[in-house]
Amino acid sequence: VGAGGGAAVVPAEPMTSPLFFATAVYSFEGIANLLPVENSLKDRNMMIPLLWLSMGIVGIIYFLVGLLSYIVWPTVTAGSISAE
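These notes cover the structure that comes with them. (Residues numbered from 1 in each chain as written. Predicted model: local features only at pLDDT ≥ 70, side-chain atom pairs only at ≥ 80, totals over all residues. Heavy atoms only, no water.)

A closer look at the overall build of the protein chain
Next, step 1: Within the protein chain one finds 2 helices and 0 strands.
Next, step 2: When burial is assessed residue by residue, the protein chain has 2% of its 84 residues classed as buried.
Next, step 3: As displayed, the protein chain has an accessible area near 7,600 Å², and 72% of this comes from carbon and sulfur atoms. (Helix = DSSP H or I, 4+ residues; strand = E, 2+ residues; numbered from the N terminus. Buried < 20%, exposed > 50% of the residue type's maximum accessible area, 1.4 Å probe, protein only. Areas by Shrake-Rupley, 256 points an atom, 1.4 Å probe, with all protein chains shown as cover.)

Quick look at the packing of aromatic side chains
Next, step 1: Within this structure, the stated rule accounts for 1 aromatic pair.
Next, step 2: Plain terms: the ring middles of Phe20 and Phe21 are 5.1 Å apart, the flat faces sit at 70° to each other, and that makes the pair edge-to-face. (Phe/Tyr/Trp six-rings, centres within 6.5 Å; stacked < 30°, edge-to-face > 60°.)

Regarding a nonpolar patch on the surface
Next, step 1: Taken together, the side chains of Ile60, Phe63, Leu64, Leu67, Leu68, Tyr70, Ile71, Val72 and Trp73 make up a nonpolar region of the molecular surface, amounting to roughly 960 Å² of accessible area.
Next, step 2: Its location among the elements puts Ile71 in helix α2 (residues 47-72). (Patch = residues over 30% accessible without salt bridge, like charges linked within 9 Å, V, L, I, M, F, W, Y side chains within 5 Å. Salt bridge = Lys/Arg side-chain N within 4 Å of Asp/Glu carboxyl O.)

It is worth stressing that arrangement in space is one thing and function is another; only the former is reported here.
The following block contains the structure:
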């Protein structure tokens, strides 16, 4: 590999390939859950604001869980409380 950053390229590992395919299938399945919601709306132009609102609520919930966990267990530096 020549100079210019190609050294970070790693060949595919057969043991992690199932994780990649599971992630891809999971993401494609999400659209199957979204399309019926869009079809059931009276005004389909409300789909984008509804998506922003729902993702904003989920993001706030994730933020609050992380913040409260940091406040309750400030000394935990590992990725898991049980790993400490």
